[in-house]
Amino acid sequence: MNQQQTFVIMEIPPVPYYITTGLTTLQPGEQHPSRKNIGLFDLLWVVKGTLYIGEDDQEWSLTKGQTLLLLPDRYHYSVRPCEEETIFYWTHFDFTGTYHVADTPQDSVHPVRNAWSNPYMIRIRQYASPPQFEMAERHLQKLLASAGGLRSEAFWNEQQLFMELLHVLEESNSGKSNSPALKLAEKTEAFLRQYYQTELTNESLAAALHFHPNYVVRCMKEIYRCTPMEYLHEYRLEQAKLLLLKTEWSIAQIAEHVGFQYAPYFSSCFKQYAGVSPLRFRKQYSS
């Protein structure tokens with residue numbers, strides 16, 4: 001079957017909202033119902049047998065320990081009836097935010113997040129075999145058991161269990177999670193955020209991290225699609241945005257605080273980055 005690997009990427013906030021969980025058993029000859037535009041995400045977890053299911057032009061054979069995330073605006077159909085008893089959990093959830101499907105878990109946006117909205121990208125494989133499936137199954141059993149309880153008592157527990165399920169799926173896409181490049185890129189990012197107010201160069205950064213400068217740059221470009229100095233530059237400007245809104249400091253004070261030696265150069269960089277001067281930005285967004 002055509003089982004092309006794709007990733008579903010959701011930007012939060014808002015947070016995906018849990019609706020309900022069910023357990024379905026299909027006997028040989030039975031099949032998953034065909035549906036179109038159901039308006040909710042449908043997350044399938046197969047615990048026994050094989051489920052043959054398709055979505056638009058994609059088809060999958062889901063076996064024990066595998067998951068599939070069906071999208072709310074697609075056509076879902078049975079590829080063929082089950083050949084043996086097949087049991088699977090299904091979890092419905094809503095998401096009113098922005099999501100897209102991609103061939104890679106990397107986002108297309110720059111890694112320096114907007115400092116006050118702080119979006120986070122949930123990246124999960126649409127079709128996966130998560131290594132923590134047994135733990136996920138225990139969570140699903142708890143969600144199923146709580147379905148008949150009082151909504152006021154169950155809400156927070158259900159939402160927490162559901163988010164842990166998404167975390168299991170997000171971890172399952174981490175083919176790069178243990179790669180040296182990712183580890184060094186994340187270490188570089190943390191260092192830049194901690195010491196962004198100081199004077200930094202590729203050489204001083206690499207010396208602090210105990211790697212060759214070229215290797216640090218290569219890892220950052222591979223993982224974050226920017227050089228360390230590009231990341232540092234934008235992170236300083238994002239911090240400047242916050243200070244413009246939260247303080248009454250002068251432009252020169254803010255420039256010095258975020259690591260710029262000269263206020264005119266800071267103002268020029270800020271206008272190029274934000275589209276307006278620092279003063280105009282402060283007037284535009286301050287109440």
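These numbers were taken from a predicted model, which means no experiment stands behind them.

Conventions we followed
Residues numbered from 1 in each chain as written. Predicted model: local features only at pLDDT ≥ 70, side-chain atom pairs only at ≥ 80, totals over all residues. Heavy atoms only, no water. Pairing = 2+ DSSP bridges. Helix = DSSP H or I, 4+ residues; strand = E, 2+ residues; numbered from the N terminus. Salt bridge = Lys/Arg side-chain N within 4 Å of Asp/Glu carboxyl O. Buried < 20%, exposed > 50% of the residue type's maximum accessible area, 1.4 Å probe, protein only. Core = buried A, V, L, I, M, F, W, Y, C linked by side-chain atoms within 4.5 Å. Contact = heavy atoms within 4.5 Å. Arc of directions from axis to C-beta.

### Here's the deal with the sheet that holds strand β3 (residues 35-36)
Judged by pairing direction, the sheet is antiparallel, and its four strands sit side by side in the order β3-β8-β5-β6 without closing on themselves. The strands lining the two open edges of the sheet, one partner per strand, are β3 and β6 (58-63).

### Concerning the sheet that holds strand β7 (residues 67-70)
Strand order in the open sheet formed by five strands is β2-β9-β4-β7-β12, with antiparallel pairing between adjacent strands. Either end of the sheet is taken by a strand with one partner, and the two such strands are β2 (17-26) and β12 (127-128). Here strand β4 (residues 41-48) pairs with β7 via four bridges, running antiparallel. Its bridge partner being in β7, Trp-45 is matched across the sheet by Thr-67.

### Details of the pattern of salt bridges
Counted by the stated rule, this structure contains eight salt bridges. A salt bridge links Asp-56 to Arg-74; the nearest nitrogen and oxygen atoms lie 3.9 Å apart. Taken as a pair, Asp-56 in the loop between β5 (50-55) and β6 and Arg-74 in the loop between β7 and β8 (75-78) lie far apart in primary sequence, 18 residues in all. For Asp-56, a relative accessible area of 36% puts it in the partly exposed group. We classify Arg-74 as partly exposed; its relative accessible area is 26%. In this structure, the salt-bridge partner of Glu-83 is Arg-80, at a minimum N-O distance of 3.3 Å. Among the residues examined, Arg-80 registers a relative accessible area of 36% and is labelled partly exposed. One network of salt bridges, in which partners are shared, links Glu-55, Asp-56, Asp-73 and Arg-74.

### Notes on the nonpolar core
Leu-192, Val-258, Phe-260, Phe-266 and Phe-270 are the most contacted members of the largest nonpolar core, which totals 34 residues. Listed by contribution, the elements that provide at least two residues to this core are α3 (180-194), α4 (202-209), α5 (213-224), α6 (228-246), α7 (251-257) and α8 (263-274). The biggest single contributor to this core is α6, with seven residues. Not counting residues within four places of it along the chain, the set of residues in contact with Val-258 comprises Tyr-196, Gln-197, Arg-236, Gln-239, Ala-240, Leu-243 and Phe-266.

### With respect to helix α9 (residues 278-285)
Taken as a whole, α9 has its buried residues at Pro-278, Phe-281 and Arg-282. One face of α9 carries all of its buried residues, which in axial projection span an arc of 100°. Among the exposed residues of α9, those oriented more than 90 degrees off its buried face are Arg-280 and Lys-283. Contacts made by the buried residues of α9 are with α6, α7 and α8.

### Some details on the environment of His-100
You can see His-100 is positioned in strand β10 (residues 99-102). Given the relative accessible area of 34%, His-100 is considered partly exposed. The spacing of His-100 and Phe-7 is 93 residues in sequence and 8.3 Å in space, taken between C-alpha atoms. Excluding residues within four positions of it along the chain, His-100 makes contact with Phe-7, Val-8 and Ile-9.

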